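Notes for the structure review
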Amino acid sequence: MSVKVSIPTILRSITNNQKLVEVVGVNVLEAINQMDQQYPGIKEKLIAEDQPHRFINIYVNDSDIRFCDGLQTNLKDGDALTILPAVAGG
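Below is a short write-up of the structure. (Residues numbered from 1 in each chain as written. Predicted model: local features only at pLDDT ≥ 70, side-chain atom pairs only at ≥ 80, totals over all residues. Heavy atoms only, no water.)

1. Quick word on the nonpolar core
Val5, Ile7, Val28, Ile32, Met35, Leu46 and Ile83 are the most contacted members of the largest nonpolar core, which totals 24 residues. Within the residue set of this core, elements represented by two or more residues are strand 1 (2–6), strand 2 (20–24), helix 1 (28–38), helix 2 (42–46), strand 5 (56–60) and strand 7 (80–85). For this core, the element with the most residues is helix 1, which contributes 5 residues. Each residue touching leucine 46, except ones within four places of it in the same chain, is listed here: Leu11, Ile32, Met35, Gln51, Pro52, His53, Ile56 and Ile83. (Core = buried A, V, L, I, M, F, W, Y, C linked by side-chain atoms within 4.5 Å. Buried < 20%, exposed > 50% of the residue type's maximum accessible area, 1.4 Å probe, protein only. Helix = DSSP H or I, 4+ residues; strand = E, 2+ residues; numbered from the N terminus. Contact = heavy atoms within 4.5 Å.)

2. Some thoughts on the sheet that holds strand 5
Two modes of strand pairing occur in sheets, parallel and antiparallel, and in both the strands are linked by backbone hydrogen bonds. Taken in spatial order, the 5 strands of this open sheet run 2-1-7-5-6, and their pairing is mixed. Of all strands in the sheet, those bounded by a partner on one side alone are strand 2 and strand 6 (63–64). In this sheet, strand 2 lies alongside strand 1 in antiparallel orientation, the contact comprising 5 bridges. Along strand 2, the bridge assignment pairs lysine 4 with glutamate 22. In the packing of helix 1 onto the sheet, the strands contacted are strand 1, strand 2, strand 5 and strand 7, and the crossing angle to strand 2 comes to about 115°. (Pairing = 2+ DSSP bridges. Axes fitted to C-alpha atoms, helices over the stretch in contact; angles between N-to-C directions.)

3. With respect to unusual backbone geometry
Even without glycine at this site, asparagine 17 takes up a positive phi of about 65°. Of note, asparagine 61 is a non-glycine position whose phi angle comes to about 55°, a positive value. Of note, asparagine 61 is situated in the loop between strand 5 and strand 6. A relative accessible area of 34% places asparagine 61 in the partly exposed class.

4. Let's talk about helix 1
By the burial criterion, the buried members of helix 1 are Val28, Leu29, Ala31, Ile32 and Met35. Viewed end-on, helix 1 has its buried residues packed into an arc of 160°, placing them on one side of the element. (Arc of directions from axis to C-beta.)

5. Some thoughts on the side chain of asparagine 27
Mapped onto the elements of the fold, asparagine 27 is located in the loop between strand 2 and helix 1. Among the polar contacts made by the side chain of asparagine 27, one reaches the main-chain amide nitrogen of glutamate 30 at a distance of 2.8 Å. (Polar contact = N/O pair within 3.5 Å; in protein donor to acceptor, adjacent residues only side chain to side chain.)

6. Focus: the environment of serine 63
Checked against the element boundaries, serine 63 lands in strand 6. Overall, the relative accessible area of 35% leaves serine 63 in the partly exposed class. Between the alpha carbons of serine 63 and leucine 81 there is a distance of 9.5 Å; along the sequence they are 18 residues apart.

7. Focus on the pairing of strand 1
Within a regular strand, side chains alternate between the sheet's two faces. With burial as the criterion, only one face of strand 1 is covered, namely that bearing Val3 and Val5; the residues Ser2, Lys4 and Ser6 on the opposite face remain uncovered. Strand direction decides the pairing type here: strand 1 and strand 7, joined by 3 bridges, are parallel. Bridging from a neighbouring strand, valine 5 pairs with leucine 81 of strand 7.

Here it is, written out as structure tokens:
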């Protein structure tokens, strides 16, 4: 399944400054694995021990994968995968 992935500014140095990349995957983990093949190092910025880093939010369309099936959340052709670093401040 072909999906479009929105890359946050902080990770664009890994994707040759592209803010949108297209990958194929049946679930979120497979899509991230394919991104890592095209852009080595991006996977380690997003997940560790098969879980998203706690400061990274990943959405399939408008659904946070934490409230779906996590990295096993299924994708369908045309879905949008959005990666958002968590923002904290005071």
